[in-house]
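# Understanding the architecture of this molecule
Chain by chain, the residues:
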Amino acid sequence: MSRRAIALIDVNNFYVSCERIFNPHLEGKPVVVLSNNDGCAVARSNEVKALGVKMGQPWFQLKDLARKHNIIAYSSNYTLYADMSHRVMTILNMFSPRQEIYSIDECFLDLTGFSNLAQYGQDIRQTIKQWTGLPVCVGIAATKTQAKLSNHIAKKFPQLDGVCDFTAMSAFEQDIWYKRIEVGEIWGIGRRLAPKLHQYGIQNVYDLKCASPIIMRNKFSVVMEKIIRELNGTSCIELEEVTPKKEIVCSRSFGVRVTQLSELEEAVSLYMRRASEKLRRQRSYAGAVSVFINTSRFNKPQENYWNETTIPLPTHTDSTILLTKTALWGLRRIYRRGFEYQKAGVRLSGLVNAQTRQTDLFGLLPKGYTSQELIEVVDHINHRMGTGTIRLTSEGMQQGWMMKREKISQEYTTNWDELLCVP
DNA sequence: TCTGGGGTCCTAGGACCC
DNA sequence: TCTGGGGTCCTAGGACCC
């Protein structure tokens, strides 16, 4: 049996690269994409990284730097990014029978049994570049943790031409790389664990690879043990091809501070419609509804209020009407007058599929709220005519609390009215 | 003035059961 | 003065990821 080979493919600076495809003059210039509400930098071009801008840095702190270096900022255009992601994943699916889509811009492919892997990695890169215009890097190794690491190396060391293949290296050669990389770069080692590892004298990847998995499991957790074993080439994290979500969250910060219950009700209604659309798309039913509201965590302590409530449902459901009614009931329970709310959200949990779902044996749910025909018709119309064409009036009409997106680009690939025009 | 959103996994501790 | 033990389930909180 041939040794396992896992590839991790990841789009470089994904959101920025999407914007550059349709705006080639952005090439070579410092570009950032901002989070919702134009709050923080969530994607940075290499030029911006070179200026020292950190991931998640608030945009208002960057205004001076941006003026000085002509940094170009965009609001997040998730419609565009989701469509480009779908194209990339569809292409990557052609390169292996087993694919795990790990995030909007990353996927694992099982290349076990394939030969000439470094060249195969180059083929992947060139195909994605030619068919979508997006630049990707490829890391190949025996385990997922190693593949993440080799992808990181492919990105950081240009002489590798975007592909790093650990499977073609001796253990000695791998260790040379491991000694050059900070332990905090490892998948699963974050900002809390890295300093703790430093206390044990573990500075780079090689140090952790040589640590005892048993001792480290006792000092940390089973997660740490798996990381160490994976670094040594023993696979502990499986490739997961289809994974329905175990919970679905929809939340947003508001464009302005909100004080009125009626406005929170509108927002919660909208978020619940979004969440229940996602729920039905993965063909699940929710067992519980949570709703949460909070003020800004940067407020003075006495002006701060945070609360969340979870309401179990009498029986699993995917009905927008019932889920929204439940969420609004919960919202009224946790709402307190006199606070300036910055954010609200909903969470669907206890998700089951149609096979494991318990049906409404005692007729606890009002029929009008859960009519399958009604739900299907509404979804169908919204799919054809655009999301929100049919919605509950509780979402409101003004929506003055809606988030800010002042620098958004066009929906180049999903909206006939916003296609790219070439003069 | 302005500070994102959506997920997963693990552990500890409490409630409850026999 | 003595005051079990072991199991499951649930939740909150912490850590991580992109």
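Summarised in this report is the structure supplied together with it. Because the structure is predicted, anything quoted here is derived from the model rather than measured. By convention here, each chain's residues receive numbers from 1 onward along its written sequence. Chain letters and ligand numbers both follow the written order, the letters beginning at A and the numbers at 1. Residues qualify for local features only when their pLDDT is at least 70, as the model is predicted, and side-chain atom pairs are given and counted only at 80 or more; totals for whole chains, interfaces and linings, by contrast, use all residues. No hydrogens and no water enter the side-chain calculation; it runs on all heavy atoms of the structure.

### Re the protein's contact with DNA strand B
We call a residue near a molecule or strand as soon as one heavy atom of that residue lies within 4 Å of the molecule or strand. The environment of DNA strand B is made up of 24 residues, and the closest members are Lys246, Val249, Ser251, Arg252 and Ser253. Counting only the atoms of DNA strand B within 4 Å of the protein, the fraction contributed by sugar and phosphate is 73%. In this structure, a sugar or linking oxygen belonging to DNA strand B sits 2.8 Å away from a side-chain N or O atom of Ser35. Nitrogen and oxygen atoms within 3.5 Å of one another constitute a polar contact, given that in protein one can donate a hydrogen and the other can accept it, and given that sequence-neighbouring residues count only through two side-chain atoms. A distance of 3.4 Å separates a phosphate oxygen of DNA strand B from a polar side-chain atom of Lys278.

### Focus on the protein's contact with DNA strand C
Taken together, 13 residues lie around DNA strand C, and Ser103, Asp105, Lys148, Arg192 and Leu193 are the ones closest in. Within the backbone of Gly188, one N or O atom sits 3.1 Å away from a phosphate oxygen of DNA strand C. At a separation of 2.5 Å, a phosphate oxygen of DNA strand C approaches a polar side-chain atom of Arg192. Considered class by class, the residues forming the surface near DNA strand C number 5 nonpolar, 3 polar and 5 charged. Residues were grouped as follows: Ala, Val, Leu, Ile, Met, Phe, Trp, Tyr, Cys and Pro as nonpolar; Asp, Glu, Lys and Arg as charged; and all remaining residues, including Gly, as polar.

### Observations regarding the environment of Ala168
We count a stretch as a helix when DSSP gives it H or I for four or more residues in a row; a strand needs E for two or more, and each element gets its number in order from the N terminus. Along the polypeptide, Ala168 turns up in the loop between strand E8 (163-165) and helix H7 (171-180). Among the residues examined, Ala168 registers a relative accessible area of 62% and is labelled exposed. Spatially, the C-alpha atom of Ala168 lies 19 Å from that of Lys156, the residues being 12 residues apart in sequence. The buried label goes to any residue with under 20% of its type's maximum accessible area, the exposed label to any with over 50%, and the partly exposed label to all in between, with areas taken from a 1.4 Å probe on protein chains only.

### Some thoughts on the side chain of Ser269
By the element assignment, Ser269 lies in helix H12 (residues 261-281). A distance of 2.8 Å separates the side chain of Ser269 from the backbone oxygen of Glu265, its partner in a polar contact. By definition in these notes, contact holds between two residues if any of their heavy atoms fall within 4.5 Å. In contact with Ser269, not counting residues within four places along its chain, are Thr324, Leu328, Ser394 and Glu395.

### Notes on the pattern of salt bridges
Salt bridges are identified by distance alone: a Lys or Arg side-chain nitrogen within 4 Å of an Asp or Glu carboxyl oxygen. Taken as a whole, this structure holds 21 salt bridges when the rule is applied. A salt bridge links Lys144 to Glu100; the shortest N-O distance between them is 2.7 Å. Residue Lys144 is located in helix H6 (residues 144-156), and its partner Glu100 is located in strand E5 (residues 99-103); the two are separated by 44 residues in the primary sequence. What makes Lys144 buried here is its relative accessible area of 1%. Exposure remark for Glu100: the relative accessible area of 7% places this residue in the buried category. Between Arg273 and Glu395 there is a salt bridge whose closest N-O contact spans 2.5 Å. One end of the pair, Arg273, is in helix H12; the other, Glu395, is in the segment after helix H15 (372-385), with 122 residues separating them in the sequence. Given the relative accessible area of 1%, Glu395 is considered buried. Salt bridges here are not isolated pairs; linked through shared partners, they connect Arg273, Glu277, Arg391 and Glu395.

### Quick word on helix H1 (residues 14-22)
For H1, the tally of buried residues reaches 8 of 9 residues, placing the bulk of the element in the interior. Taken as a whole, H1 has its buried residues at Phe14, Tyr15, Val16, Ser17, Cys18, Glu19, Arg20 and Phe22. Where the residues of H1 are buried, they touch strand E1 (6-11), strand E2 (31-34), strand E3 (41-44), helix H2 (46-50), strand E4 (72-75) and helix H4 (78-93).

### Looking at the sheet that holds E2
The mixed open sheet is built from 3 strands, whose spatial order is E3-E2-E4. A single partner strand is all that each edge strand has here, and the edge strands are E3 and E4. Taken over all neighbouring pairs, the strand axes of this sheet differ in orientation by 30° on average, direction set aside. Sitting on the sheet, H1 is in contact with E2, E3 and E4, with an inclination near 115° to E2. The criterion for strand pairing is that DSSP finds at least two bridges linking the strands in question. Only the contacting stretch of a helix is used when fitting its axis, a line to C-alpha atoms as for every element, and angles between N-to-C directions run 0 to 180 degrees.

### With respect to the layout of surface pockets
Size it by volume and the second largest pocket reaches roughly 1,200 Å³. Only protein atoms enter the calculation, which uses a 1 Å grid: trapped sets of points that fit a 1.4 Å probe without letting it out are cavities, open sets showing protein on both sides within 12 Å along at least five of seven lines are pockets, and any residue with an atom within 4 Å of a point is a lining residue. Around the second largest pocket, the lining comprises 40 residues; the ones closest to its centre are Asp10, Val11, Asn13, Lys49 and Lys155. Sorting the residues of the lining of the second largest pocket by element identifies E1, H1, E3, H2, helix H5 (117-132) and H6 as the ones contributing at least two each. The greatest single-element share of the lining of the second largest pocket, amounting to 6 residues, is contributed by H6. Classifying every residue of the lining of the second largest pocket gives 16 nonpolar, 9 polar and 15 charged. Grid points are joined across faces, edges and corners, and a volume is the space filled by probe spheres set on the points.

### Here's the deal with unusual backbone geometry
Even without being a glycine, Asn37 presents a positive backbone phi close to 65°. Topologically, Asn37 is positioned in the loop between E2 and E3. Its relative accessible area of 13% is what places Asn37 among the buried residues. Positive phi values are uncommon outside glycine, yet Arg283 reaches one of about 55°. Secondary-structure assignment places Arg283 in the loop between H12 and strand E10 (284-295).

### What to know about the sheet that holds E1
Read across the sheet, 5 strands follow the order E5-E6-E1-E7-E8 without closing on themselves; strand pairing throughout is mixed. Two strands lie at the open edges of the sheet, namely E5 and E8, each paired on one side alone. Strand-to-strand twist across the sheet, computed as the mean angle between neighbouring axes with direction ignored, equals 15°. In the sheet, E1 pairs with strand E7 (residues 136-141) via 6 bridges, with the strands oriented antiparallel. Each bridged residue has a counterpart across the sheet, and for Val11 the counterpart in E7 is Val136. Of the strands in this sheet, E1, E5, strand E6 (106-110), E7 and E8 touch H6, which is tilted by about 140° from E7.

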